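Secondary and tertiary structure notes
In case you want the letters, here they are:
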Amino acid sequence: MKNKAEIVIIGGGVIGASIAYSLADKGMKDIVVLEKNYIASGSTGSCGAGIRQQWGTKMNCILSKKSMEIFENLNEILKVKRDIELKQGGYLLLAYSEKEFKQFKENIKLQNSIGIPSQLLTVKEAKEIVPQLNGEGIKGATYCPTDGHINPFRVNQAYVEAARRKSVQFYTYTSAQDIITQNNEIKSVVTDRGVIETNKVVNAAGGFSKEVSLMAGIDIPTKSERHQILVTEQVNPILKPMVMSFSYNIYCQQIPDGSFVMGYGDPDEQYSHNIKSSWQFLEEMAKKATYLLPFLKDIRVIRQWAGLYNITPDAQPILDASDELKGFFMAVGFSGHGFMIAPFTGVLMAEMILGEKLSMNIKLDLKRFEHDRLILEPSVV
Amino acid sequence: MVILMNEDKIVCRCEDITLKELRDMIADGYTRLDEIKRALRLGMGPCQGDICLEIAAREICRMTDKKMEDIKMPSKRPPVAGIKMSELVGDNQNEK
């Protein structure tokens, strides 16, 4: 193992890999990525694989739109060996109250203003896209045809393989155990396989972002929370878009191989690192899903799993350089929507690390939580 | 050790993965079953890898000089067998 690096990125998920690739692409040398398990073993590999651009703040709209533009060309950009399985079947978002529908109308105006091709739909129009939809109680919907699905493992591995070709060193099954600092500067990262001298560290540790920050003596307000998912057997293509509702609390999509992937957020879930599956989830999920899409009754659930959301107080990520510790960067707290903005996040973080002007104005600093400058995103699960 | 020769042979029958695809993954440096499962969907179908994981483990051993006892099997996840959604919601009308 190397004992010196220009930068050490902690976390080999899609965020760490995307940052590593962007840094290498901009010419940085001696980049090391530490992954305590295998590539995509954490939140990236357990995510719902959905990608949407329908957000309620301009910043999230731009982050996701720019990321989608990269996703659409990622096979070519990264010269992938294995297709990333992009399916743009759209996202159909359902409103169950007049208030929610009013918010959707505002969102559509915002999204359209920056070129996201989303549209407002009546229930009748929504049923033209998803004829099997139970329209009961739905006040209206929005639809963006370019939203959809991508295979998170493939994307993560594609970033890793492309970064490796640019000489980035990935150490899997290698965990960071401490970050040694002196006079507010980073000296080295201690791993279970040796010490790496470096002045720069990126925290891209997903569900363990808080623990990694604490190694550097920096406390951040992120918490981890289990989110469960189930997948069904594969059937013929019958559902084009991701169907999702914030108020009814569900998302369900048929992925390219024909299986349905679905989940919801349990409001009673406690903060922890628990990623065990529960039977309660199966029952509740089946109730919710078969109410909304009754044809699912005849389809078999074949597997369930869980992963961690790493959540901040405003459910928006922290993309920042520490004020207290020179050379300590954070790309954490994605709150359940890290995968879909990973490509552009990598670009922005690389610019930040290299001291370049950022290609978009973001206010995702750590200090916002102290100063009560929370970002109020109305469209988050 | 038995060495399978026909590379067009399907090794994962749930996901239609051929021996060639499996061997390419291993040759690319994916030498753990958890990694291969995620990259290829091998073992992600209804049988959860009852047949293919054993074959994949053998191929890893053959191509990398690992021993079978060093190969870590991926987690078996619930449910053990497929369950219709209707059964989960207690609506068994469709089961007749």
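Reading the values: rules and limits
Residues numbered from 1 in each chain as written. Chains lettered and ligands numbered in written order. Predicted model: local features only at pLDDT ≥ 70, side-chain atom pairs only at ≥ 80, totals over all residues. Heavy atoms only, no water. Helix = DSSP H or I, 4+ residues; strand = E, 2+ residues; numbered from the N terminus. Expected span 1.5 Å × (residues − 1). Buried < 20%, exposed > 50% of the residue type's maximum accessible area, 1.4 Å probe, protein only. Arc of directions from axis to C-beta. Contact = heavy atoms within 4.5 Å. Core = buried A, V, L, I, M, F, W, Y, C linked by side-chain atoms within 4.5 Å. Domains from an automatic or database assignment. Pairing = 2+ DSSP bridges. Axes fitted to C-alpha atoms, helices over the stretch in contact; angles between N-to-C directions. Phe/Tyr/Trp six-rings, centres within 6.5 Å; stacked < 30°, edge-to-face > 60°. Buried area = accessible area lost by both parts, 1.4 Å probe. 1 Å grid on protein atoms, 1.4 Å probe; cavity = no way out; pocket = protein on both sides within 12 Å on 5 of 7 lines; lining within 4 Å. Points joined across faces, edges and corners; volume = space filled by probe spheres on them. Nonpolar A, V, L, I, M, F, W, Y, C, P; charged D, E, K, R; others polar. Salt bridge = Lys/Arg side-chain N within 4 Å of Asp/Glu carboxyl O. Polar contact = N/O pair within 3.5 Å; in protein donor to acceptor, adjacent residues only side chain to side chain.

Count 3.6 residues to each turn of an α-helix, and residues three or four apart come out pointing the same way. Residues and elements named next belong to chain A. Given a rise of 1.5 Å per residue, 16 residues ought to cover 22 Å, and the 23 Å separating the end C-alpha atoms of helix α4 (residues 98–113) matches this to within 8%. Among the residues making up α4, those that are buried are Glu100, Phe101, Phe104, Asn107, Ile108 and Gln111. One side of α4 holds all its buried residues, which, seen down the axis, span an arc of 110°. Of the exposed residues in α4, those oriented more than 90 degrees away from the buried face are Glu98, Lys99, Lys102, Lys109 and Ser113. Where α4 is buried, its residues contact α2 (58–72), β4 (91–95), β5 (119–121) and β6 (140–144). Downstream of α4 by one or two residues, Gly115 has phi in the positive range, about 90°.

Glancing now at the nonpolar core. All names here are of chain A. Ranked by internal contacts, the top residues of the largest apolar core, which has 75 residues, are Ile9, Ile19, Leu23, Ile31, Val155, Tyr159 and Phe170. Looking at this core, the element that brings in the most residues is helix α1 (residues 14–25), giving 8 residues. Residue contributions to this core reach at least three from each of two domains, namely domain 1 (7–46 + 153–221 + 314–369) and domain 2 (88–146 + 223–311). The contact partners of Ile31, leaving out residues within four places of it in the chain, are Ile7, Ile9, Ala20, Leu23, Ala24, Val168 and Gln169. Listed in part, the 32 residues of the second largest apolar core include Leu230, Ile250, Phe260 and Met285.

Quick look at the sheet that holds strand β10 (residues 185–191) of chain A now. Residues and elements named next belong to chain A. Reading across the sheet, the 3 strands line up as β9-β10-β11 and stay open at both edges, with antiparallel pairing between neighbours. Bordering the open sheet on either side are β9 (176–182) and β11 (194–197), each of which pairs with just one other strand. Mean inter-strand twist for the sheet, computed between neighbouring axes without regard to direction, equals 25°.

Attention now goes to the packing of aromatic side chains. All names here are of chain A. What the rule picks out here adds up to 7 aromatic pairs over all chains. Geometrically, the ring pair formed by Tyr264 and Phe281 is stacked, given 5.3 Å between the ring centres and 15° between the ring planes. Taken together, the positions of Tyr264 in the loop between β16 (260–263) and α8 (279–292) and Phe281 in helix α8 put the pair 17 residues apart, joining distant regions of the chain. Residue classification places Tyr264 among the buried positions, given a relative accessible area of 11%. Judged by relative accessible area, Phe281 falls into the buried class, the value being 3%.

What follows deals with the domain arrangement of chain A. All names here are of chain A. Taken domain by domain, chain A consists of domain 1 (7–46 + 153–221 + 314–369) and domain 2 (88–146 + 223–311). Domain 1 and domain 2 are separated by 30 Å when their C-alpha centres are compared. With 14 residues of domain 1 in contact, the opposing surface of domain 2 contributes 12 residues. It is Ser46, Gly207 and Ser335 in domain 1 that bury the most area against domain 2; as a group they hold 42% of the surface buried on that side.

On to empty space enclosed by the protein. The final tally for this structure, using the stated rule, is 2 cavities of 30 Å³ or more. Empty space within the largest cavity amounts to approximately 70 Å³. Lining the largest cavity we find Val80, Lys81, Arg82, Arg154, Gln157, Ala158 and Glu161 of chain A together with Met25, Tyr30 and Ala39 of chain B. For the lining of the largest cavity, the leading source of residues is helix α6 (residues 152–165) of chain A, giving 4 residues. Looking at side-chain class alone, the lining of the largest cavity contains 5 nonpolar, 1 polar and 4 charged residues. Put simply, the second largest cavity is a space of about 40 Å³. Sort the elements by how many residues they give to the lining of the second largest cavity and α4 of chain A lands first, with 4 residues. Split by residue class, the lining of the second largest cavity holds 3 nonpolar, 5 polar and no charged.

With that settled, the discussion passes to the pairing of β16 of chain A. Residues and elements named next belong to chain A. Where burial is concerned, the two faces of β16 agree: the one with Phe260 and Met262 and the one with Val261 and Gly263 are both buried. Pairing geometry for strand β13 (residues 223–232) and β16, over 3 bridges, is antiparallel. Each residue of the ladder has a partner; that of Leu230, found in β16, is Met262. Here strand β15 (residues 250–254) runs beside β16; their pairing, made up of 4 bridges, is antiparallel. Considered in β16, the bridge of Gln254 is made with Phe260. Between the end of β15 and the start of β16, which pair antiparallel, lie 5 residues, with Gly258 showing a positive phi angle near 105°.

Now for the interface of chain B and chain A. In this complex, chain B contributes 30 residues to the contact, which on the side of chain A involves 32 residues. Buried area between chain B and chain A, summed over both chains or domains, comes out near 2900 Å², and the portion from carbon and sulfur atoms is 55%. Of all residues in chain B, the largest losses of buried area upon contact with chain A belong to Arg38, Met85 and Leu88 of chain B, amounting jointly to 23% of the total for that side. A salt bridge links Asp257 of chain A to Arg41 of chain B; the nearest nitrogen and oxygen atoms lie 2.9 Å apart. Between chain B and chain A we count 13 residue pairs in polar contact (both at pLDDT 80 or more) in total. Going through the elements one at a time, α1 (19–27), α2 (33–40), β3 (83–84) and α4 (85–88) of chain B are the ones with two or more residues in the side of chain B that touches chain A. Per-element tally for the side of chain B that touches chain A: the top contributor is α2 of chain B, with 5 residues. Looking at the side of chain B that touches chain A residue by residue, the class counts come to 14 nonpolar, 5 polar and 11 charged. Two strands pair when backbone bridges link them, and strand β17 (residues 300–311) of chain A and β3 of chain B are joined in this way by 2 bridges, in the antiparallel orientation. Bridge pairing in β3 of chain B places Val301 of chain A opposite Ile83 of chain B.

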